[in-house]
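# Observations on the model geometry
The chain contents come next:
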Amino acid sequence: MTTPPLSLRPARRGRVVIGIPARIVHGAADFSGPVDVTGRSAAELVPGTTYKEYLTAGHGICASQHVQLNASLLAFIAQ
């Protein structure tokens, strides 16, 4: 059995608490991973997370929205 990173610790019912700031990004036009069951629900499960949704981005958000995504992530890291 491996030891989890220091920023993670077990919580109730098998959930994991993330002890560092988290940012979840998702493209609303991602048809392979619908936003309601992936991005939005993940953001609800991680307390204190910030969620950014790109309305016109699909599954290849890193390529199609790279300028906006990089700017958003750099701003998040700078906080």
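What you see is a predicted model; the values in this text were computed from it and never measured. Here the residue numbering is sequential within each chain, running from 1 through the sequence in written order. This being a predicted model, a pLDDT of at least 70 is required before a residue's local features are given, and a value of 80 or more before pairs of side-chain atoms are given or counted; all residues contribute to the totals for chains, interfaces and linings. Side-chain numbers here rest on the full set of heavy atoms in the structure, without hydrogens or water.

## Let's talk about the overall build of the protein
Put simply, DSSP marks the helices as runs of H or I at least four residues long and the strands as runs of E at least two long, and each gets a number from the N terminus on. Scanning the protein for helices and strands turns up three helices and four strands. The proportion of buried residues among the 79 residues of the protein is 24%. Counting only contacts in the protein whose residues sit at least 6 apart along the sequence, the fraction spanning at least 24 positions is 51%. Methods summary: accessible areas were calculated by the Shrake-Rupley approach with a probe of 1.4 Å, and residue burial reflects only the protein chains presented. Entry remark: accessible area of the protein is about 6000 Å², with carbon and sulfur atoms responsible for 63%. Exposure classes here rest on a 1.4 Å probe applied to the protein chains alone. A residue is buried below 20% of its type maximum, exposed above 50%, and partly exposed in between. In this description, contact between two residues means that some pair of their heavy atoms is separated by no more than 4.5 Å.

## Some thoughts on the packing of aromatic side chains
Any pair of Phe, Tyr and Trp rings, taking the six-membered ring for Trp, is counted once the centres come within 6.5 Å. Such a pair is stacked with planes under 30 degrees apart, edge-to-face with planes over 60 apart, and tilted for the rest. Counted under the stated rule, the structure contains zero aromatic pairs. Geometrically, a charge over a ring is one whose NZ (Lys) or CZ (Arg) sits within 6 Å of the ring centre while staying within 35 degrees of the ring normal. For the cation-ring pair, Lys52 lies above Tyr54, with the distance from its terminal atom to the ring centre recorded as 5.2 Å.

## As for the confidence of the model for the protein
When pLDDT is averaged along the protein, the result is 82, and 78% of the positions lie at 70 or above. Each residue carries a pLDDT value, the predictor's own confidence for that position, ranging from 0 to 100. Mean pLDDT across the elements of the protein ranges from a minimum in strand 1 (residues 8–10), with 49, to a maximum in helix 3 (residues 66–78), with 94.

## Description of helix 3
By definition here, a helix of n residues has an expected span of 1.5 Å times n minus one. Between its first and last C-alpha, helix 3 extends 18 Å over 13 residues, near the 18 Å set by a 1.5 Å rise per residue. The complete set of buried residues in helix 3 reads Leu69, Ser72 and Phe76. The arc that holds every buried residue of helix 3, seen down its axis, measures 70°, which confines them to one face. For helix 3, exposure combined with an orientation more than 90 degrees from the buried face picks out Val67, Leu74, Ile77 and Ala78. Check the buried side of helix 3 and you find it contacts strand 3 (23–27), strand 4 (50–54) and helix 2 (61–64). This arc is built from the directions going out from the helix axis to the C-beta atoms.

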